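# Residue-level structural notes
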Amino acid sequence: MGTIIVTVEVGDRLGDRFEELDITVDTGSTYTAVPRATLERLGVPVGRSLPSETADGRIVPVDVGETIIRLEGLQFHTPVIFAEENEPSLLGVVTLEQAALAIDPVAGRLIPTHLLRY
């Protein structure tokens, strides 16, 4: 299975304005990471700062907020990390679980969890 990239729409907290974003699905990431500049343009406030472990094992503080996202025909609130300029946009497992979506490793795409093969 290769990299899965999906298109999402990230909105302001009220769902009045949205920006489209191509984002990498990352089942190793807890939260969805969206560029700070995008979230700031949409007026999404930082709700808190949390310690986060990076891929190389470092612990760094990250800003976290909550906003609306559109994914696979669904619209819902989800926590988001304010990703810095040099960091990738990632779709994390919390957002996938909220949308009841999973990765189909054979097809290399997102599918509803009720269609998973066991």
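Rules used throughout
In this numbering scheme, every chain counts its residues from 1 along its sequence in written order. Residue-level local features of this predicted model are given only where pLDDT is at least 70; pairs of side-chain atoms are given and counted only at 80 or more, and the full residue set underlies all totals for whole chains, interfaces and linings. Side-chain descriptors were evaluated using all non-hydrogen atoms of the structure, hydrogens and water having been removed beforehand. In this description a helix means any DSSP run of H or I spanning at least four residues, a strand means any run of E spanning at least two, and both kinds are numbered starting from the N terminus. Any pair of nitrogen or oxygen atoms within 3.5 Å is treated as a polar contact; in protein, a donor-acceptor pairing is required on top of that, and neighbouring residues in sequence qualify only through side-chain atoms on both sides. We define the nonpolar core as a collection of buried residues of types Ala, Val, Leu, Ile, Met, Phe, Trp, Tyr and Cys that are connected through side-chain atoms lying within 4.5 Å of one another. A simple rule labels every residue: compare its accessible area, found with a 1.4 Å probe on the protein chains alone, to the largest value its type can have, and call it buried under 20%, exposed over 50%, or partly exposed in between. Contact between two residues is taken to exist if any of their heavy atoms lie within 4.5 Å; hydrogens are not considered. Pairing between two strands is assigned when DSSP locates at least 2 bridges connecting them.

Another point: the side chain of Asp-104. Mapped onto the elements, Asp-104 comes out in strand S8 (residues 101–104). At 2.9 Å, the side chain of Asp-104 and the backbone nitrogen of Val-106 are in polar contact.

Ranked by internal contacts, the top residues of the largest apolar core, which has 22 residues, are Val-6, Val-8, Val-25, Leu-71, Leu-91 and Leu-110. When residues of this core are traced back to their parent elements, those giving at least two are strand S1 (5–11), strand S2 (18–25), strand S5 (59–71), strand S6 (74–83) and S8. With residues up to four places along the chain from it excluded, the contact list for Leu-110 reads Val-6, Val-25, Leu-71, Glu-72, Leu-91, Leu-96, Leu-101, Ala-102 and Ile-103.

With that out of the way, let us pick up the pairing of S5. Pairing analysis gives 2 bridges linking S1 to S5, with the strands arranged antiparallel. Bridge pairing in S5 places Glu-9 opposite Arg-70. Alignment of strand S4 (residues 48–53) against S5, held across 6 bridges, turns out to be antiparallel. Across the sheet, Leu-50 pairs through a bridge with Val-62, a residue of S5. The hairpin formed by S4 and S5 contains 5 residues between the paired strands, and Gly-57 there has a positive phi angle of roughly 90°. Bridge count for S5 against S6 is 8 bridges, and the pairing is antiparallel. Looking across to S6, one finds that Ile-68 is bridged to His-77. Connecting S5 to the next strand, S6, in antiparallel fashion are 2 residues, including Glu-72 with a positive phi near 50°.

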